[in-house]
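# Understanding the architecture of this molecule
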Amino acid sequence: MSLLEIKNLSVEFGSQDNPFRAVQDVNLSINRGEIVGIVGESGSGKSVTMLALMGLIEAPGRVTADQLVFDGQDLMTMSPAAKRHLVGKDVAMIFQDALTSLNPAYTVGFQLMETLRLHMGLSKSEAQKRALELLELVEIPAAKSRLSAYPHQLSGGMSQRVMIAMAIACNPKLLIADEPTTALDVTVQAQIMDLLVSLQKSQDMALILITHDLAVIAEVAHRVAVMYAGEIVETSPVPEIFYRPHHPYTQALLASIPEHSKGAERLATLPGVVPGQYDRPIGCLLSPRCPYANEKCRNEHPKLTQTHGSFVRCFTPLDEAGRPIV
Amino acid sequence: MTTPVQSANTAVAPEMAAASYSYPSPLAEFWASFRANRGASAALVFMAFMVIAALFAPWLAPHDPIEQHRDILLLSPAWTAQGQWSFLLGTDELGRDILSRLMHGARVSMTIGLVSVVLSLLPGIVLGLVSAFYPKAVGTAIMRAMDIMMALPSLLLAVAIVAVLGPGLTNTMIAIAVVSLPSYVRLTRASAMSELGRDYVIAARLAGAGKLRLMFNTVLPNCMAPVIVQATLGFSSAILDAAALGFLGLGAQPPLPEWGTMLASARDYIESAWWVVTMPGITILFNVVALNLMGDGLRDALDPKLKKLA
Amino acid sequence: MFNFILRRIAVVIPTFLGITVLAFALIHMIPGDPVLVMVGERRLDPEFYRQAMQRLGLDQPLYMQYLHYLQKLVSGNLGESLVTHEPVMAEFLKLFPATVELSICAMLFAAVTGLAAGIVAANRRGTAVDHVVMGSALTGYSMPIFWWGLVLIMLFSVHLGWTPVSGRIDLEFDIPAVTGFMLIDTLLSGEEGAFASALSHLILPAIVLGTIPMAVIARMTRSSMLEVLREDYIRTARAKGLSPVRVVVVHALRNALVPVVTVIGLQVGTLLAGAVLTETIFSWPGIGKWLIDSISRRDYPVVQGGILLVATLIILVNLLVDILYGVINPRIRHAR
């Protein structure tokens with residue numbers, strides 16, 4: 001049985017009669033100890049999906065799902081109090097901007113120990129001991145003195161390490177990392193990524209990695225889900241997706257990597273922009289931008305279907321040569 | 001749901017294309033934004049009525065404000081059992097018509113507000129600009145002086161000034177003008193300083209604009225938004241402070257129908273004649289609320305960036 | 001931390017000197033001859049006049065007079081009342097506790113209700129609760145408190161008979177002044193019913209005086225809270241699985257309080273100005289009423305000394321707020 005099973009998860013914002021669907025019918029399952037990447041451009045619903053899973057969508061937003069099961073427990077029917085017992089303990093999340101994600105009014109030690117005391121019921125001295133271990137685990141130098149430091153005294157990379165320490169404090173079964181390296185310097189990015197992967201192995205947790213960076217996916221992920229305009233358009237095992245994308249959007253994403261365009265004058269781009277609230281196409285959401293779109297694509301909405309070990313939301317998935325199969 | 005929206009879009013589109021060449025004037029834009037604020041619009045209508053009442057009090061008021069109807073002392077308002085319709089809000093302890101006094105009081109309060117705002121606004125702007133343009137010795141000296149004035153709460157400083165100058169309407173206006181000076185100086189200075197670094201000011205400088213021209217033609221118009229808002233709020237606090245001074249017996253002197261002065265003499269009747277106490281107070285409260293609402297509305301309409309500071 | 005406090009104190013000193021100049025100038029701006037004002041107009045004997053000039057130091061150049069004034073200030077000498085012939089400082093110290101007691105109670109009322117209303121309004125943004133809170137705050141903020149006091153007296157004292165109209169305590173009690181705070185002194189005296197009497201005298205003035213600060217605090221708390229609730233670290237706190245109450249109280253409130261504390265500090269000036277009006281309405285024997293009475297008695301040394309003391313007090317409280325601000329907000333403390 002998989003660790004996380006999401007069936008038809010949707011998230012709506014705005015008023016009841018004029019809603020905006022930020023996430024639509026997302027299906028995703030994660031196995032224990034697996035690293036799954038989620039890629040897609042800004043606003044494609046990657047983060048919102050994960051915030052919905054964590055129960056962090058605020059009042060005007062509405063979350064619906066046919067199934068949202070984590071570790072055998074149904075998150076949709078669970079009481080808020082029971083859910084809070086799970087969130088932060090068995091499922092933890094780290095965010096893009098670590099500097100603003102730490103509370104400026106409290107020391108690193110306080111923020112770390114808060115989680116430990118809440119979820120593990122540790123005493124103050126036990127929590128302090130464990131907090132120190134955690135800081136050493138995330139390779140923070142002079143860990144002891146950092147416990148009494150305030151967030152504004154830390155660098156971006158250091159803050160992200162603290163965030164990671166907080167997230168893994170209670171040995172979570174699933175860690176969600178929402179663009180954990182985007183706000184960092186390039187040299188620090190690699191260090192943080194290495195740290196995350198080594199922790200994933202040593203702590204034996206599943207890791208969902210939200211990112212723009214396909215290179216990172218290629219290096220660390222086992223599987224990848226590609227999102228476009230609130231929908232998953234393709235899920236594939238990692239080596240395959242790079243040499244055989246099934247969805248035209250995935251193809252376009254890969255083509256936009258500089259390394260893929262060696263010798264080309266310009267980077268490949270898809271014309272047009274992601275549809276917004278008022279210009280959502282009736283058919284396939286990519287149809288206005290897709291070079292292969294036909295009449296059917298424009299009028300019918302494709303479902304996620306299995307092809308060669310991948311799931312693709314396309315009427316004319318691509319073949320090995322990158323041409324649509326008609 | 002998408003269909004009506006889309007059709008609405010297509011209907012609007014040709015007009016938009018035509019209109020895109022003529023942007024709405026800043027005034028029209030401001031007005032539309034102000035109108036959208038219901039509280040501020042209602043306040044504006046209320047203040048319009050007050051201004052009319054103040055301007056035309058001698059003709060609109062049913063009675064002379066200081067005429068004493070000796071036979072009907074402390075007459076209760078018209079809707080009560082003993083009331084008379086010719087004295088809508090009743091009479092005070094000397095038999096004077098309260099409504100007429102309130103209407104004439106509006107003249108007094110509006111005059112105090114207007115005069116004291118102008119008296120502090122103009123020097124405030126000048127001092128603020130000067131301290132922004134000469135930030136070293138002169139600017140520091142001005143700001144230090146303002147800090148000292150700010151150390152005392154405005155009403156207390158006004159009381160001190162009136163204590164020295166003696167009570168009365170003119171001295172009330174002077175005192176209020178003096179105490180509200182620092183807020184205009186600081187505001188003008190702060191916004192002028194931030195404008196001074198902008199490219200258009202540097203451009204004007206390079207084009208050879210003189211100091212005075214830079215101050216008043218280039219920089220000042222761009223600092224006016226917060227100053228206008230402050231002037232509106234200053235108007236309301238002028239009315240409030242003047243009424244407080246009047247209440248303490250340090251402001252306008254009887255028989256002048258000033259709202260605060262009316263309350264001072266009404267204190268003895270809290271057990272017998274509630275209307276003598278209630279009417280002037282409600283009038284002050286409504287005016288101040290309306291002016292504050294207008295100030296908030298002006299701020300939101302003039303400068304959306306300031307909105308969240310409310 | 002120590003350096004931070006020293007820096008703050010250094011900034012305050014010139015302001016304080018300026019206030020002394022202002023207070024010094026006050027007495028010299030009174031229209032008319034100062035000797036006649038100070039001594040009274042009965043004896044116009046030239047010899048006496050000359051002696052009075054000398055005694056008051058008015059025959060010396062202005063800057064010497066100011067230096068003498070400063071010198072006397074340093075030794076705590078603020079002159080004597082023309083009416084009671086008591087030292088101004090002694091009168092101030094006698095009346096000061098009454099004003100402090102009233103102000104503290106008013107501020108407690110304002111802070112508790114204002115903070116609660118602001119927090120609730122921010123967490124229920126856009127609902128009827130929010131509109132009611134913000135409407136009341138606008139009304140409170142615009143309130144002519146001298147009238148508000150009369151209305152409350154009319155309602156609670158005259159019509160309902162719940163509270164007394166004026167003073168600090170019923171006349172039947174004779175409470176020895178130990179601390180000067182009536183609430184404490186009545187408890188110390190052990191007289192039955194005295195504390196209840198003091199409390200019932202205090203409640204209306206405290207509400208009246210606290211009304212404007214309450215409105216300001218409520219508005220400030222709401223907007224500051226709304227801002228903080230949007231922050232990333234609030235999302236982090238929720239992602240930790242903390243209860244909504246803990247997220248608001250521990251993680252949001254601490255940060256939202258930073259600007260609110262400043263505002264509370266700035267309200268001390270509003271309180272002392274309001275005390276002038278409130279004490280006059282409720283015949284509360286504090287420094288506000290003392291100042292106003294002295295003005296009407298033309299007791300200029302009291303006015304001068306009183307204004308100076310009040311201004312000094314406000315400067316000190318603002319200094320305290322600045323330091324407190326550094327304690328809550330570690331970023332300020334480490335700056336520069």
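Residues numbered from 1 in each chain as written. Chains lettered and ligands numbered in written order. Predicted model: local features only at pLDDT ≥ 70, side-chain atom pairs only at ≥ 80, totals over all residues. Heavy atoms only, no water.

### A look at the interface of chain B and chain C
Counting residues at the interface gives 37 residues for chain B, matched by 43 residues for chain C. Inspection of the region where chain B meets chain C yields one salt bridge. Notably, a salt bridge pairs C:Arg219 with B:Asp296, separated by 3.5 Å at the nearest N-O pair. The interface formed by chain B and chain C includes three residue pairs in polar contact (both at pLDDT 80 or more). Looking at the side of chain B that touches chain C, the elements that each hand over two or more residues are α6 (137–151), α7 (154–165), α10 (211–247) and α12 (274–302) of chain B. Ranked by residues supplied to the side of chain B that touches chain C, first place goes to α12(B) with 12 residues. Within the side of chain B that touches chain C, the residues separate by chemical class into 28 nonpolar, three polar and six charged. (Contact = heavy atoms within 4.5 Å. Salt bridge = Lys/Arg side-chain N within 4 Å of Asp/Glu carboxyl O. Polar contact = N/O pair within 3.5 Å; in protein donor to acceptor, adjacent residues only side chain to side chain. Helix = DSSP H or I, 4+ residues; strand = E, 2+ residues; numbered from the N terminus. Nonpolar A, V, L, I, M, F, W, Y, C, P; charged D, E, K, R; others polar.)

### Some remarks on unusual backbone geometry
At the junction of B:Pro254 and B:Pro255, the peptide bond is cis and its omega measures out at 10° in the coordinates. Within the secondary structure, B:Pro255 sits in the loop between α10 and α11 (259–266). Although it is not a glycine, A:Ala142 sits at a positive phi angle of roughly 50°. Secondary-structure assignment places A:Ala142 in the loop between α5 (124–137) and α6 (143–146). Among the residues examined, A:Ala142 registers a relative accessible area of 52% and is labelled exposed. A positive phi angle, near 50°, is found at A:Ala229, a position not held by glycine. Its place among the elements puts A:Ala229 in the loop between β10 (223–228) and β11 (231–237). (Buried < 20%, exposed > 50% of the residue type's maximum accessible area, 1.4 Å probe, protein only.)

### A few points about the packing of α7(B) against helix α13 (residues 300–328) of chain C
Contact pair α7(B) / α13(C): the axes reach a minimum separation of 11 Å and the direction vectors enclose 160°. Between α7(B) and α13(C), the crossing angle belongs to the class labelled roughly antiparallel. Considering only the axes of α7(B) and α13(C), their crossing is left-handed. Contact residues: α7(B) offers B:Leu156, B:Ala160 and B:Ala163, while α13(C) offers C:Tyr300, C:Val303, C:Ile307 and C:Val310. (Axes fitted to C-alpha atoms, helices over the stretch in contact; angles between N-to-C directions. Parallel < 35°, antiparallel > 145°, perpendicular 65-115°, else oblique. Left-handed = near helix turned anticlockwise from the far one by under 90°.)

### What to know about the sheet that holds strand β9 (residues 206–211) of chain A
Residue and element names in this part refer to chain A. Here we have eight strands laid out as an open sheet, ordered β7-β8-β9-β3-β10-β11-β13-β12, and mixed in their pairing. Two strands lie at the open edges of the sheet, namely β7 (91–94) and β12 (305–307), each paired on one side alone. Neighbour-to-neighbour, the strand axes of the sheet open up by a mean angle of 20°, direction not taken into account. Strand contacts of helix α11 (residues 248–255): β3 (35–39), β10 and β11, with the helix running at about 100° to β10, the strand carrying the most contacts. (Pairing = 2+ DSSP bridges.)

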